[in-house]
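Below, each chain spelled out in residue letters.
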Amino acid sequence: MVLATPNPILRGEKIDSNIELPTIDLMGERKKVCKEIVKACEEFGFFKVINHGVPVDVISKMEEESLSFFSKSEAQKKQAGPANPYGYGSKTIGFNGDMGEVEYILLNTNPNTIAHYSNTISNNNPTKFRCAVNWYIEAVKRLACEILDLMANGLSVSDTNLFSRLIKDSDNDSLFRLNHYPNTKDMDTSSPTPPPPMDVAHYKVGFGEHSDPQILTLLRSNDVGGLQISLEDKVWVPVPPDPFAFWVNVGDVLQALTNGRFLSVRHRALVTNNNNNNKTRMSMAYFAAPPLNAWVSAPKEVVTHEKPRLYRPFTWAEYKRTTYSLRLGDSRLNLFKSNT
């Protein structure tokens, strides 16, 4: 969970920059790509995709609009908040006391919601902001559906649209989040020297350790690092920034849909004092989620005698309520374990 403390990184944590995270070329041979995605989801719950088909101009226009908003004065930005749950937020994450060194915009991907909040987020030209968001969401949603179909194919699920259909539904509950992390030159300098190989002078948690509750996340950031994923033995792996690629996070719902075969990756974002670069980190995250009334239940192809059903069927609304009731880093899927 995110803790409001000047030294949130615990002593004894292991940081390993030598672990190579999987990169998947979506232009590769389909059967090979399916196998690579399944392997990445089983081992890491996380991978990078290149040749993803999202137009460069769609990405650049969204980044331009985002930076334009975050460069405003604090008073101007607060006119678009507080995030309850949508709109502009700063420091406070969720409803249960979690804090981080981050400011953000959170939106439901419904066009009506986007149009409503565009008026306060970009009062000079709300149409420009609204169009940039809608174009970006449309492009990354197509990418998410393609990846989910490849996953189903790789798992030999007979209905290869089973996962993607959940987010194609017009009532899907998907979210779009813009995160902006500050430069930390003025941070408290009393924090201990970080463990190698992290070459930073000081650091704080921008967004604390958690897994994403949705099906999957498509994350794109600028060329400033800070993202880390956690392996089972609590080794943290820094994620190299790549503004031309997308990172894919397996979420809790996808772990349930694959009967635990895919891992919902735990991750966090750090902010650092980089004296050689005043550039701040900004990320754009699309959280693909099913409709509130959709049932989450693993298909028969991933439930076997050797691996019986791990989680009882539940609706996304039920799981979402549970998520909102807990702190950011608390375990959630264990509450839905099957009794059989």
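See above for the structure.
Right, let's walk through the structure included here. (Residues numbered from 1 in each chain as written. Predicted model: local features only at pLDDT ≥ 70, side-chain atom pairs only at ≥ 80, totals over all residues. Heavy atoms only, no water.)

**What about the sheet that holds strand β5 (residues 98-108)?**
Then comes step 1: Taken in spatial order, the 8 strands of this open sheet run β2-β3-β11-β8-β13-β6-β5-β4, and their pairing is mixed. The open sheet has two edge strands, β2 (23-25) and β4 (87-93), and neither has a second partner. Averaged over all pairs of adjacent strands, the angle between strand axes in this sheet comes to 25 degrees, irrespective of strand direction.
Then comes step 2: Bridging between strand β8 (residues 216-221) and strand β11 (residues 246-250) involves 4 bridges; their strand directions are antiparallel. Across the sheet, residue Thr217 finds its bridge partner in β11, namely Asn249.
Then comes step 3: Running over the sheet, helix α1 (residues 30-43) touches β2, β3 (46-50) and β11 and is turned about 160 degrees from β2.
Then comes step 4: In the packing of helix α5 (residues 126-154) onto the sheet, the strands contacted are β3, β5, β6 (175-181), β8, β11 and β13 (281-288), and the crossing angle to β8 comes to about 130 degrees. (Pairing = 2+ DSSP bridges. Helix = DSSP H or I, 4+ residues; strand = E, 2+ residues; numbered from the N terminus. Axes fitted to C-alpha atoms, helices over the stretch in contact; angles between N-to-C directions. Contact = heavy atoms within 4.5 Å.)

**What about the nonpolar core?**
Then comes step 1: Grouped together as the largest cluster of nonpolar side chains are 96 residues, with contacts concentrated most on Phe47, Met151, Leu216 and Leu218.
Then comes step 2: Take this core: its biggest share by element is 15 residues, from α5.
Then comes step 3: Apart from the residues within four sequence positions on either side, Met151 is in contact with Ile37, Val38, Cys41, Phe47, Leu216, Leu254 and Phe262. (Core = buried A, V, L, I, M, F, W, Y, C linked by side-chain atoms within 4.5 Å. Buried < 20%, exposed > 50% of the residue type's maximum accessible area, 1.4 Å probe, protein only.)

**Some points on the packing of helix α2 (residues 56-70) against α5**
Then comes step 1: Remark: α2 packs on α5, axes separated minimally by 9 Å, with the N-to-C direction vectors making an angle of 135 degrees. Comparing their axes, α5 and α2 come out oblique. Judged by the sense of rotation from one axis to the other, the crossing of α2 with α5 is left-handed. Residues Val58, Ile59, Lys61, Met62, Glu64 and Glu65 of α2 form the contact with α5, whose participating residues are Lys128, Phe129, Ala132, Val133, Trp135, Tyr136 and Ala139.
Then comes step 2: Among the residues making up the contact of α2 with α5, the classes are represented as 9 nonpolar, no polar and 4 charged. (Parallel < 35°, antiparallel > 145°, perpendicular 65-115°, else oblique. Left-handed = near helix turned anticlockwise from the far one by under 90°. Nonpolar A, V, L, I, M, F, W, Y, C, P; charged D, E, K, R; others polar.)

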